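Here is how the chains run, residue by residue.
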Amino acid sequence: MAARCAMLASMAGLLFGIDTAVISGVTQALQKVFALSPQDLGLAVSAALWGTLVGAAFAGRAGDALGSRRLLLWVGWLYVVSALGTALANGLMSFCLFRLLGGLAIGASSVVAPVYISEISAPDVRGRRVGMFQCAIVSGILLAYLSNALVARGGFGAMEWRIKLGLAGVPALGFALLAPCLPDSPRWLQARGRNAQAAADRLRLVLESVAPVMQDERLSWRLHRKPILLALAIGAFNQLSGINAILYYLNDIFAAAGFSDFSADTQAVAVGLANLLATLAGMAMIDRLGRRPLLLAGALGTCAALVGVTMIFAGGQGREWLLPLLVMFIGFFAVSQGAVIWVYLSELFPTAVRARGQALGSSTHWVFNGAISFIFPVLAAHGPALPFAGFALAMAVQVFVVWRWFPETRGASLDDLARRLAG
């Protein structure tokens, strides 16, 4: 029962991934249809990210107060409205408005789905279960790339970009209709004083009893200093790798290296497939090797790949190596940071403030995501190597930070981790 519920909740990640990647197949069409400058394009792409920041920030307190299950019900319908709205947009402002709504759904998903899955999972499988959320994200990314490539071959002309965006509403509708089947988290019910229902749901989900939870605990620097710093760090470094900027502008990156539109769509599918396979590998290892070793190996690998991409754009030669290097980057990212971030954030904070702690890390993630996604086309217009050089430097810094300060959380119960990380 718990595994099925975790799988269904993780489908919010599928919608997260689709919404994240589908934009990469329509950026050039948007520039033509709406006559966008590089700054306008940055606004169109990053509009969802600012909505995501708001969604993540508010979902924390709402999740602690109302429960992750209830928020997941609303998330599905937000995805539906966003997909249809962007597909029917008649100008930059309306497009940005519906992208903003999709961002609210993504932000809420990044908080409540990992928290919900973490709270209904036993310690020995928690990494793999929460990792299902990331697996669903990259499956959504691959699905979006594949859908974009197929639609590009369909000869739809001026309607092509609208069809690409509108198709995202199909899985969103499916999730919205299935989400009411989820039970509430027993930990959340206990935190709200609903002990009888908590015991009943714990029995349904085959979960062990948990320690008593403080209902009035606040997220504070004094009590939660260490998990706060760790949440800020992992959220920031996740985006300083450049992962989402590369996913959003993947077709533009290939175009800058001289590839055609069709070739860019096809190669994006290869990148999305590498992302999925590496994430599956990360899920297989996260409860065996631990979170910290994966983060260290991933930071080293992504740094090396980004240095290679920087050299290609700086020297103007070796474009045949661009796809292998981007696949290498995606692979190292997915097996490490991609597989770890939502698991790690869901483990750091005690139950009473877990959603708010998750929201803090997610909000940091989305602040950097929005800023980098807005700045990326501007920097690339001045020199296509510039953003990749910055990403490589950030990954070199992450190696030291993780080695020096990040604790291992593998195999520990959520109650034990709360005591270990308490201020």
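It should be emphasised that the depicted structure is a prediction, and the values quoted were computed from it without experimental measurement.

Criteria and cut-off values
- Residues numbered from 1 in each chain as written.
- Predicted model: local features only at pLDDT ≥ 70, side-chain atom pairs only at ≥ 80, totals over all residues.
- Heavy atoms only, no water.
- Domains from an automatic or database assignment.
- Contact = heavy atoms within 4.5 Å.
- Buried area = accessible area lost by both parts, 1.4 Å probe.
- Salt bridge = Lys/Arg side-chain N within 4 Å of Asp/Glu carboxyl O.
- Polar contact = N/O pair within 3.5 Å; in protein donor to acceptor, adjacent residues only side chain to side chain.
- 1 Å grid on protein atoms, 1.4 Å probe; cavity = no way out; pocket = protein on both sides within 12 Å on 5 of 7 lines; lining within 4 Å.
- Points joined across faces, edges and corners; volume = space filled by probe spheres on them.
- Helix = DSSP H or I, 4+ residues; strand = E, 2+ residues; numbered from the N terminus.
- Nonpolar A, V, L, I, M, F, W, Y, C, P; charged D, E, K, R; others polar.
- Core = buried A, V, L, I, M, F, W, Y, C linked by side-chain atoms within 4.5 Å.
- Buried < 20%, exposed > 50% of the residue type's maximum accessible area, 1.4 Å probe, protein only.
- Expected span 1.5 Å × (residues − 1).
- Bend = angle between axes of the 7 residues up to and from the residue.
- Phe/Tyr/Trp six-rings, centres within 6.5 Å; stacked < 30°, edge-to-face > 60°.
- Axes fitted to C-alpha atoms, helices over the stretch in contact; angles between N-to-C directions.
- Left-handed = near helix turned anticlockwise from the far one by under 90°.
- Parallel < 35°, antiparallel > 145°, perpendicular 65-115°, else oblique.

Novice: Any chance you could explain the domain arrangement of the chain here in plain terms?
Specialist: As a measure of interface size, the accessible area lost when the parts come together is often cited. For the chain, the assigned domains are domain 1 (1–206) and domain 2 (221–422). A C-alpha centroid distance of 19 Å is found between domain 1 and domain 2. At the interface, 59 residues of domain 1 touch 55 residues of domain 2. Of all residues in domain 1, Leu-49, Arg-126 and Tyr-145 give up the largest surface area on contact with domain 2, accounting jointly for 13% of the area buried on that side. Joining domain 1 to domain 2, the criterion identifies three salt bridges. Asp-287 is the partner of Arg-128 in a salt bridge, and the nearest nitrogen-oxygen pair spans 3.5 Å. The tally of links between domain 1 and domain 2 comes to eleven residue pairs in polar contact (both at pLDDT 80 or more).

Novice: Is there a simple way to think about empty space enclosed by the protein in this case?
Specialist: Gaps left between atoms show up when a probe the size of a water molecule is rolled over them. Tallying each qualifying case throughout the model produces four cavities of 30 Å³ or more. In this structure, the largest cavity is lined by 18 residues; those nearest its centre are Gln-134, Ile-137, Ile-243, Asn-244 and Phe-333. Ranked by residue count, the leading element in the lining of the largest cavity is helix H16 (residues 322–348), at five residues. A class-by-class count of the residues in the lining of the largest cavity yields nine nonpolar, nine polar and no charged. There is about 50 Å³ of room inside the second largest cavity. Together, Asp-19, Val-22, Ser-82, Ala-83, Thr-86, Arg-99, Leu-165 and Ala-168 line the second largest cavity. Within the residue set of the lining of the second largest cavity, elements represented by two or more residues are helix H1 (2–22) and helix H4 (68–87).

Novice: How should I be thinking about the nonpolar core in this particular structure?
Specialist: Note on soluble globular proteins: their nonpolar side chains tend to be buried together. Among the nonpolar cores identified, the biggest contains 119 residues, and Phe-95, Phe-388 and Phe-406 are the most heavily contacted of them. The element contributing the most residues to this core is H16, with 13 residues. A domain split of this core shows at least three residues from each of domain 1 (1–206) and domain 2 (221–422).

Novice: Help me understand helix H6 (residues 126–152) in this model?
Specialist: Two residues of an α-helix separated by three or four positions point the same way, owing to the 3.6 residues in each turn. The terminal C-alpha atoms of H6, which comprises 27 residues, lie 39 Å apart, in line with the 39 Å expected from a rise of 1.5 Å per residue. Counting buried residues in H6 gives 21 out of 27 residues, a clear majority hidden from the surface.

Novice: What should I look at first to understand helix H17 (residues 354–382) in this one?
Specialist: Helix length check: H17 (29 residues) gives 42 Å between terminal C-alpha atoms against 42 Å at 1.5 Å per residue, within 8%. Within H17, the axis deviates most sharply at Phe-376, by approximately 35°, and proline Pro-377 lies no more than four positions further along.

Novice: Just checking my understanding: could you explain the packing of aromatic side chains for this structure?
Specialist: The relation between two aromatic rings is expressed through the spacing of the ring centres and the mutual angle of the planes. Scanning all chains against the criterion turns up 13 aromatic pairs. Taking 5.9 Å as the distance between ring centres and 85° as the angle between the ring planes, the aromatic pair formed by Phe-133 and Trp-342 counts as edge-to-face. Here Trp-342 lies in helix H16 and Phe-133 lies in helix H6, a separation of 209 residues in the sequence. As far as burial versus exposure is concerned, Phe-133 and Trp-342 are alike and both buried. Ring geometry for Tyr-344 against Phe-406: centres 5.6 Å apart, planes inclined by 10°, an arrangement best described as stacked. Of this pair, Tyr-344 sits in helix H16 while Phe-406 sits in the loop between helix H18 (386–405) and helix H19 (414–420); the two residues are 62 residues apart in sequence, bridging distant segments of the chain.

Novice: How do you make sense of the packing of H16 against H17 when you look at a structure like this?
Specialist: If you want to describe how two helices pack, look at the angle between their axes and the distance between the axes. One way to put it is that H16 packs onto H17 with a least axis distance of 8 Å and a crossing angle of 145°. Between H16 and H17 the crossing geometry is right-handed. In contact with Ile-341, Trp-342, Leu-345 and Ser-346 of H16, H17 contributes Arg-354, Gln-358, Gly-361, Ser-362 and His-365. Residues of the contact of H16 with H17, tallied by class, amount to three nonpolar, five polar and one charged.

Novice: Help me understand the pattern of salt bridges in this model?
Specialist: Between side chains of opposite charge, a pair can form when the charged atoms approach closely. Summed over all chains, the structure comprises eight salt bridges. Asp-19 is paired through a salt bridge with Arg-99; the nearest N and O atoms lie 3.6 Å apart. Residue Asp-19 is located in helix H1, and its partner Arg-99 is located in helix H5 (residues 92–119); the two are separated by 80 residues in the primary sequence. When salt bridges that share partners are traced, they join Arg-126, Arg-128, Asp-287, Arg-291 and Glu-347 into one network.

Novice: Please explain the environment of Thr-20 as it appears in this structure.
Specialist: Counting through the fold element by element, Thr-20 comes out in helix H1. With residues up to four places along the chain from it excluded, the contact list for Thr-20 reads Ile-106, Asn-244 and Tyr-248. Of the polar contacts made by the side chain of Thr-20, one reaches the backbone oxygen of Phe-16; its length is 2.8 Å.

Novice: Where do I start with the packing of helix H11 (residues 221–240) against H17 in this structure?
Specialist: Look at H11 against H17: their axes get within 8 Å of each other, and the N-to-C directions meet at 30°. On the basis of the axis angle, H11 is roughly parallel to H17. Remark: the crossing between H11 and H17 carries right-handed chirality. Where H11 approaches H17, its residues Ile-228, Ala-231, Leu-232, Gly-235, Ala-236, Asn-238, Gln-239 and Leu-240 are matched on the opposing element by Gly-357, Leu-360, Gly-361, Thr-364, His-365, Phe-368, Asn-369 and Ile-372. For the contact of H11 with H17, the per-class residue count stands at eight nonpolar, eight polar and no charged.

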